[in-house]
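Working through the structure, step by step
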Amino acid sequence: MKTPVSPHIDYQHPEKILQQLIRFNTTNPPGNEKACIEYINQCLKTTGFEPKLIAKDPNRPNLITRLKGKNLAPPLLLYGHVDVVTTEKQAWRHPPFEGKISDGYVWGRGALDMKGGVAMMLAALLRAKAENLKPAGDIVFAALSDEEAGGDFGAKYLVTRYPELFSGIRFAIGEFGGCATYIGRQKFYPIQVAEKQACWMEIKIKGPGGHGAIPIKGSAMAKTARLLNKIDQIHLPPHITTVPEQMIHTIASAMPFAQGLVLHQLLKPALTNSILNLLGEKGNSFRPMLYNTINPTMIRGGEKINVIPSEISIQLDGRLVPGFSPFDFISELRRIVGKDVGVDIISHDPCPAQTDLGLFALLSDIIREADPEGIPMQMLLPGVTDGRFFSLLNIQSYGFLPMNLAPDFNFFKTIHAADERVPVDAIRFGANTIYRLLEKYGSHV
Ligand SMILES: [Zn+2]
């Protein structure tokens, strides 16, 4: 497939912009986002924007540009990343970097995460320029590198080195959220207003070492096995924080009375676990929102087959609900691992304990207007996004990439997987809805 060079500025067909974006292989690592960012740069320049490229590594630039507003509201940030995750060892129906349109979908890596979102934002901006829209506040658009591998070349770099680019901004739109999801027969649009905090930890298990020919009981290996087993069996205590609480209220109120009643019981910590068990698979999406969670993901120990290691390291991917610190987490873990085992924090990305819901009413109105059948609701994302970096500048991000997906389209099973794709209709719906946001922004602030 030839790499496209000429910009596609047909904002009425955002799916064509998406096709072009997919054709740049921006698998991260290594990212190599340069050609893709350059394409966006050309699209914007051709239509009269004055974008700036800012790079820590010349092959991995970020783009930032501004649509002038009326200065009646603070600037609004739209941001999206153009890097994607690997397609290795996946069997795809259509090649992942071809950007093919077939059966009503745009196919390819990044269609959902999140070149689709970038295409929607770009289409809305190009339309705003073409139609001479002057929003209440400036619209700042940032196309970013390196979201999938930590943001060192992308959002983290911009926020720490160039915070002035974002001065005065209170709200931002990014991933994840705004796509239709179904519970029972009811359609909801979860808008991400908070995300969990990644808290990575390490436990070092010590034991007697020695020659592999001499049997040793109670070795670090055996202790490790026991500890992993305990972690597998444990139930940490539930924590009901405001965002999932609001979400569950919204869902329960839209359900038939008896089902709503059961769902409401999730909010009583003494019953949370039993209700989740009762809900079975349907409860799985609620579980990470209501608990601090932990998963052992890496083990290191032992260099030679004939040497019994005296130390083994277990790395744990911990995720904290907003408002909790790593120290709270460690004291929860202590009850499982015991007092003697050392738990070290490897890294912790904090997120604000409180959500600034100042834009939520407007986003909800826009969703209701775009799809009267859908009910907007707040959502806490179990994972992390670039939003955590922008929150360091006191910018509240909203995961708002509106897609009116059908009930049989499973967003979370398609993302990062083979056959990632997005309905053409959903991309157009998103571009129109984001354009509506540019029109109405400022009316609620
Ligand atoms: Zn993403």
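Since we're looking at a predicted model, the values are computed, not measured. (Residues numbered from 1 in each chain as written. Predicted model: local features only at pLDDT ≥ 70, side-chain atom pairs only at ≥ 80, totals over all residues. Heavy atoms only, no water.)

1. Section: helix α10 (residues 326-337)
In plain terms, the rule: In this text, helices come from DSSP runs of H or I with a minimum length of four residues, and strands from runs of E with a minimum of two, each type numbered from the N-terminal end. Helices are assigned an expected span. That span is 1.5 Å times one less than the residue count. The cut-offs for exposure are 20% and 50% of the maximum accessible area for each residue type, with area from a 1.4 Å probe on protein chains only; residues under the lower value are buried, those over the upper are exposed, and the others partly exposed. Of all possible arcs, the one meant is that of the directions from the helix axis to the C-beta atoms. Any two residues whose heavy atoms approach within 4.5 Å are treated as being in contact.
Given a rise of 1.5 Å per residue, twelve residues ought to cover 16 Å, and the 15 Å separating the end C-alpha atoms of α10 matches this to within 8%. Along α10, the positions that sit buried rather than exposed are Pro326, Phe329, Ile330, Glu332, Leu333, Ile336 and Val337. The arc that holds the buried residues of α10, viewed along the axis, is 160°, so those residues lie on one side. Across from the buried face of α10, at angles greater than 90 degrees, the exposed residues are Phe327 and Arg335. Along its buried surface, α10 packs onto β10 (197-206), α5 (220-233), β12 (293-300), β14 (311-320) and β15 (342-348). Positive phi shows up at glycine 338, right after α10, with a value of about 90°.

2. A word on the coordination of the zinc ion
Geometry sets the ideal angles at a metal, namely 109.5 degrees for four tetrahedral donors and 90 or 180 degrees for six octahedral donors. The line we're drawing: Counted as donors are N, O and S atoms no farther than 2.8 Å from the metal, or 3.2 Å for Na, K and Ca; water is not among the atoms, and sites may therefore look incomplete. Any coordination sphere not matching a tetrahedral pattern (four donors, all angles between 85 and 135 degrees) or a square planar or octahedral pattern (four or six donors, opposite donors over 155 degrees apart, other angles between 65 and 115) is reported as irregular.
Looking at the zinc ion, the protein donor atoms are His81 (NE2), Asp113 (OD), Glu175 (OE) and Glu175 (OE), and they sit 1.8 to 2.6 Å from it. One way to put it: the four donor atoms around the zinc ion meet at angles of 54 to 153°, and that makes the site irregular. Sequence spacing among the residues donating to the zinc ion works out to H-x31-D-x61-E. Pair noted here: histidine 81 is in strand β3 (residues 76-81) and aspartate 113 is in the loop between β5 (105-107) and α3 (115-130), with a separation of 32 residues, a long-range link.

3. A look at the domain arrangement of the chain
Stated precisely, the cut-off is as follows: Boundary definitions for the domains trace back to an automatic or database domain assignment. Defined in terms of a 1.4 Å probe, buried area is the accessible area two parts forfeit on being brought together, summed over both. Basic side-chain nitrogens of Lys or Arg form a salt bridge, by our definition, when they fall within 4 Å of a carboxyl oxygen of Asp or Glu.
Domain annotation for the chain reports domain 1 (14-176 + 352-440) and domain 2 (195-348). Using only C-alpha atoms to locate each centre, domain 1 and domain 2 end up separated by 32 Å. At the junction of the two partners, domain 1 supplies 16 residues and domain 2 supplies 15 residues. Both faces considered, domain 1 and domain 2 share a buried interface measuring about 1,400 Å² in area, 69% of it formed by carbon and sulfur atoms. When the area that domain 1 buries against domain 2 is broken down by residue, the three leading residues are Gln378, Leu380 and Pro382, summing to 46%. Joining domain 1 to domain 2, the criterion identifies zero salt bridges. When residues of the side of domain 1 that touches domain 2 are traced back to their parent elements, those giving at least two are β16 (374-381) and α12 (387-390).

4. Regarding the sheet that holds β5
Let me state the cut-off plainly: At least two bridges found by DSSP between two strands is the condition for calling them paired. Helix axes use the C-alpha atoms of the stretch in contact, all axes being lines fitted to C-alpha atoms, and the angles between their N-to-C directions lie in the range 0 to 180 degrees.
An order of β4-β5-β18 is seen for the three strands of this open sheet, with the pairing classed as antiparallel. The open sheet has two edge strands with one neighbour each: β4 (101-102) and β18 (421-423). As paired strands, β4 and β5 are joined by two bridges and run antiparallel to one another. Pairing of isoleucine 101 across the sheet is with valine 106, part of β5. Taken strand by strand, helix α14 (residues 424-440) contacts β4, β5 and β18, and its axis lies near 70° from that of β18.

5. Some remarks on the sheet that holds β10
Pairing within the open sheet is antiparallel, and its four strands lie in the order β12-β14-β10-β15. In this open sheet, the two strands that pair with only one neighbour each are β12 and β15. In this sheet, adjacent strand axes meet at a mean angle of 25° when their direction is disregarded. Pairing between β12 and β14: seven bridges, direction antiparallel. Along β14, the bridge assignment pairs arginine 300 with serine 313.

6. A look at the side chain of arginine 421
Heads up, the rule is: Residues counted as positive are Lys and Arg, residues counted as negative are Asp and Glu, and His and the chain ends are not counted. Whenever a nitrogen or oxygen atom comes within 3.5 Å of another N or O atom, the pair is scored as a polar contact, on the condition that within protein one atom can donate a hydrogen and the other can accept it, and that pairs from neighbouring residues in sequence are kept only if both atoms are in side chains.
Along the chain, arginine 421 falls in strand β18. At 5.2 Å, aspartate 419 is the nearest oppositely charged side chain to arginine 421, a buried residue that forms no salt bridge. Here aspartate 419 takes part through its backbone oxygen, which lies 2.8 Å from a polar atom of the side chain of arginine 421. Residues within four places of arginine 421 in sequence aside, it is in contact with Tyr105, Val106, Trp107, Ala111, Leu112, Phe409 and Thr414.

7. With respect to the nonpolar core
Our working definition: To define a nonpolar core, start from buried Ala, Val, Leu, Ile, Met, Phe, Trp, Tyr and Cys residues and group those joined through side-chain atoms within 4.5 Å.
Ile40, Phe141 and Met403 are the most contacted members of the largest nonpolar core, which totals 91 residues. For this core, the element with the highest residue contribution is α3, accounting for ten residues. The residues touching isoleucine 40, leaving out its near neighbours within four places in the chain, are Leu21, Leu63, Val82, Val118, Leu122, Phe141 and Ala143. Ranked by size, the runner-up nonpolar core spans 21 residues in total, among them Ile205, Leu227, Ile312 and Leu333.

8. Regarding the packing of helix α1 (residues 14-22) against α14
Axes are the key here: two packed helices are described by the angle between their axes and the distance separating the axes. Rules: What sets the label is the angle itself: under 35 degrees gives roughly parallel, over 145 gives roughly antiparallel, 65 to 115 gives roughly perpendicular, and the rest give oblique. Amino acids are sorted into nonpolar (Ala, Val, Leu, Ile, Met, Phe, Trp, Tyr, Cys and Pro), charged (Asp, Glu, Lys and Arg) and polar (every other residue, Gly among them).
Relative orientation of the contacting elements α1 and α14 amounts to 110°, with a least axis distance of 8 Å. By the angle class used here, α1 and α14 are roughly perpendicular. In this structure, α1 contributes Pro14, Glu15 and Leu18 to the contact, and α14 contributes Val424, Ile427, Arg428 and Ala431. When the residues that make up the contact of α1 with α14 are grouped by side-chain class, the tally is five nonpolar, no polar and two charged.

9. So, the environment of threonine 293
With respect to the element layout, threonine 293 can be found in strand β12. Among the residues examined, threonine 293 registers a relative accessible area of 21% and is labelled partly exposed. Placed 66 residues apart in sequence, threonine 293 and leucine 359 show a C-alpha to C-alpha distance of 29 Å. Every residue in contact with threonine 293, bar those within four places of it in the chain, is listed here: Lys196, Pro288, Asp317, Gly318, Arg319 and Phe329.

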